[in-house]
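In case you want the letters, here they are:
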Amino acid sequence: MVRPGEYDLQTGEGLIACPRCDALHVEEELTYGETARCVRCGGILARPQSGAFTQIIALAITTMVLMFGAIFFPFLEISRLGMGHGTSLFGVAMAFSEGVIAPLTVALLGVIVALPALRAALLVYTLWPLARRRPPYRHAVRAFRLTEQLKPWSMAEIFIIGTAIAMVKVGGLATINFGPAFWAFCALIFVNLANRSFMCSTTIWDAIEDGGAATDGREQVEPA
Amino acid sequence: MSADPAAMPPPHTANDDAPTGGGRSSALLTAHRAGLLGCRSCGRVWPEDAMECARCQAPLTPPDRRGLQAVWAWLIAGMIFYIPANLMPMMTTQSLGGLGGGGDATIIGGVLQLANHGDWFIAIVVFAASVMVPIGKFVAIIWLALVAGKPATEADAHNRLHIYEIVEFIGRWSMIDVFVVAILSALVQLGFVVSIKPGPAAASFALSVAFTMLSAQSFDPRLIWRGLPLHRRKE
């Protein structure tokens, strides 16, 4: 246990190091709405927000619902000269299923559908007990670390921009009908943006720790 | 929410009275200099011989130029795959059963086609996403890896960190081109009239983007700051 303001330069207790520039700072518990910036590189170290966990859970569940819809509803449809062709998200991924590039199908399904959905599920798993002030579940540490690692690889919002470009390319060629899955993906972008403004991994690590998991004896305690 | 913290001084204050610092308020101590090891995932500080962060279970790595080997390895892999991505066709168009023309289009070929049709805006977007951004990323990572850990001024370091953040942010967006090919090939299947098939370049382009992302992720931004003097004048 570490009391606020105490630190030990031999073991590193009570200190935090900026992940971007390695500058040492004395750890302090922040109140909601405060932002801690690194004194050296100016990067944000922590930015806790009140009610953030509940918001993130809500947004993660929204992501899962939208993803579910996006998989099963039609995505896009074109028609020209009386001929039409529709496709679902699976259809898009299956475009690569022939020949040597077949593994790309799996990769595509992964980055567009599986990873965003998995990240949402892991976030709910991590934060559900924390938002209700209960001790975290057993694998919360591993779950949240995986969420952080998968972050750059979930590309749902990039996919929708790709769709927009493809539509402009096809635009002159044929008439396009947007299916519900397309709108679900558009909504996902906004959910994603909202999520980003609430996410603060330092705060979540602190909360996991304060909740009692993976304790390394270094969580801050209130002054007695 | 945003106005308050701006007015407030940073709640995490610099480690003023650090034993090695000596002076008042201008001294900065890094974890490396203090013989400690900071966790890059959650920020917790550990003794130098620790292997794994006990809070978040991330492996701990010292800010060492040896870590750049991984950066170079991924980068070279990414650059190698970028070559076939440009030489092979990205997609094959067939219209009117092959009679109406069409054919293979490489990345550059596709851009030229768009420009010929007068779709300048889209041509520029595609050119930026699949030519300028990947090449810019290669150059930026090479430069960052070369200058990392070399002496620099504070302004240099801020610039480099900024460039690193841009490279890290923009990396994923290069995937757009692969998605466009996938969507077009899945959608434009009008039998005899027109159909589009993906080409092998799509796969090697995707691999190139993925390897470059891994390269940027293995770069340790703390190296940018290692060559800096720890004392600085008060602003």
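Residues numbered from 1 in each chain as written. Chains lettered and ligands numbered in written order. Predicted model: local features only at pLDDT ≥ 70, side-chain atom pairs only at ≥ 80, totals over all residues.

The name an unreviewed UniProt entry assigns to chain B is Paraquat-inducible protein A, from the organism Paracoccus isoporae. Listed in UniProt under the heading Subcellular location (unreviewed entry), the comment for chain B reads: "Cell inner membrane". (UniProt positions renumbered as here; feature names shortened; annotations may be inferred.)

An unreviewed UniProt entry lists chain A under the name Paraquat-inducible protein A, with Paracoccus isoporae as the source organism.

Further remarks concern the overall build of chain B. When you go through chain B residue by residue, the secondary structure sums to eight helices and five strands. Reading the helices (α) and strands (β) of chain B from amino to carboxyl end gives α-β-β-α-β-β-α-α-α-α-β-α-α. Each of the 235 residues in chain B was classed as buried or not, and the buried ones make up 43%. The long-range fraction of contacts in chain B, counting pairs at least 24 apart against all pairs at least 6 apart in sequence, stands at 61%. (Helix = DSSP H or I, 4+ residues; strand = E, 2+ residues; numbered from the N terminus. Buried ≥ 20, exposed ≤ 12 C-beta atoms within 10 Å, placed from the backbone. Contact = placed C-beta atoms within 7 Å.)

Before going further, it helps to examine the nonpolar core. With 131 residues, the main nonpolar core has F179(B), A182(B), I183(B), L184(B), A202(B) and A206(B) as its most contacted residues. Once you skip the residues sitting within four places of it in the chain, F179(B) turns out to touch I158(A), F159(A) and G162(A). (Core = buried A, V, L, I, M, F, W, Y, C linked by C-beta atoms within 7 Å.)

Residue and element names in this part refer to chain A. Cross-referencing UniProt, the feature "transmembrane region" (unreviewed entry) maps to residues 56–76, 112–131, 152–170 and 176–194 in the present numbering. Annotated as residues 56–76, this span is 81% helix and 5% strand, and its ends, taken at the C-alpha atoms, are 30 Å apart. The span residues 176–194 shows a helical share of 79% and a strand share of 16%, and its end C-alpha atoms are spaced 29 Å apart.

Glancing now at the interface of chain A and chain B. Between chain A and chain B, the residue contacts involve 66 residues of the former and 65 residues of the latter. The dominant element in the side of chain A that touches chain B, judged by the number of residues it contributes, is helix 5 (residues 156–171) of chain A, at ten residues. A class-by-class count of the residues in the side of chain A that touches chain B yields 41 nonpolar, eleven polar and 14 charged. (Nonpolar A, V, L, I, M, F, W, Y, C, P; charged D, E, K, R; others polar.)

Residue and element names in this part refer to chain A. Ordered by their spatial adjacency, three strands build an open sheet running 6-5-7, and the pairing between neighbours is antiparallel. Edge positions in the sheet fall to strand 6 (83–87) and strand 7 (175–178), since each has one partner strand and no second. On average, each strand axis in the sheet is inclined to that of its neighbour by 15°, with strand direction left out of account. (Pairing = 2+ DSSP bridges. Axes fitted to C-alpha atoms, helices over the stretch in contact; angles between N-to-C directions.)

Below, the discussion takes up helix 5 (residues 154–170) of chain B. Residue and element names in this part refer to chain B. The terminal C-alpha atoms of helix 5 lie 24 Å apart, and with 17 residues this matches the ideal 24 Å at 1.5 Å per residue to within 8%. Among all positions of helix 5, only A157, R160, L161, Y164 and V167 are buried. Taken around the axis of helix 5, the buried residues stretch over an arc of 125°, which confines them to a single face. Facing away from the buried side of helix 5 by over 90 degrees, the exposed positions are A155, H162 and F169. (Expected span 1.5 Å × (residues − 1). Arc of directions from axis to C-beta.)

Residue and element names in this part refer to chain A. Splitting chain A by domain gives domain 1 (1–49 + 201–224) and domain 2 (51–199). Taking only C-alpha atoms into account, the centre of domain 1 sits 33 Å from that of domain 2. Between domain 1 and domain 2, the contact holds ten residues from the first and twelve residues from the second. The class makeup of the residues in the side of domain 1 that touches domain 2 is six nonpolar, four polar and no charged. (Domains from an automatic or database assignment.)

Within helix 7 (residues 201–210) of chain A, seven of the ten residues are buried, which leaves the element mostly enclosed by the surrounding structure. Restricting attention to buried positions, one finds in helix 7 of chain A the residues T202(A), I204(A), W205(A), D206(A), A207(A), I208(A) and E209(A).

Here we take up the UniProt feature "transmembrane region" (unreviewed entry) in chain B. This chain's UniProt record puts "transmembrane region" (unreviewed entry) on residues 71–89, 121–148, 169–196 and 202–225 of chain B. Its end C-alpha atoms 37 Å apart, residues 121–148 of chain B is made of 96% helix and 0% strand.

All names here are of chain B. Following both chains from N to C, one finds helix 6 (residues 176–187) and helix 7 (residues 200–218) inclined at 150°, their axes separated by 9 Å at the closest point. Relative to helix 7, helix 6 is oriented roughly antiparallel. Handedness of the helix 6/helix 7 crossing: left-handed. From helix 6, D177, V178 and V181 reach across to helix 7, where they touch A202, F205 and A206. (Parallel < 35°, antiparallel > 145°, perpendicular 65-115°, else oblique. Left-handed = near helix turned anticlockwise from the far one by under 90°.)

This part takes up unusual backbone geometry. Negative phi is the rule for most residues except glycine; trans is the rule for most peptide bonds. Although it is not a glycine, R133(A) sits at a positive phi angle of roughly 55°. Note on placement: R133(A) falls in the loop between helix 3 (103–131) and helix 4 (140–150). Taking the number of C-beta atoms within 10 Å as the measure of exposure, R133(A) has 10 and is therefore exposed. Phi at Q57(B) is positive, roughly 65°, even though this residue is not glycine. Tracing the backbone shows Q57(B) in the loop between strand 2 (45–47) and helix 2 (68–87).

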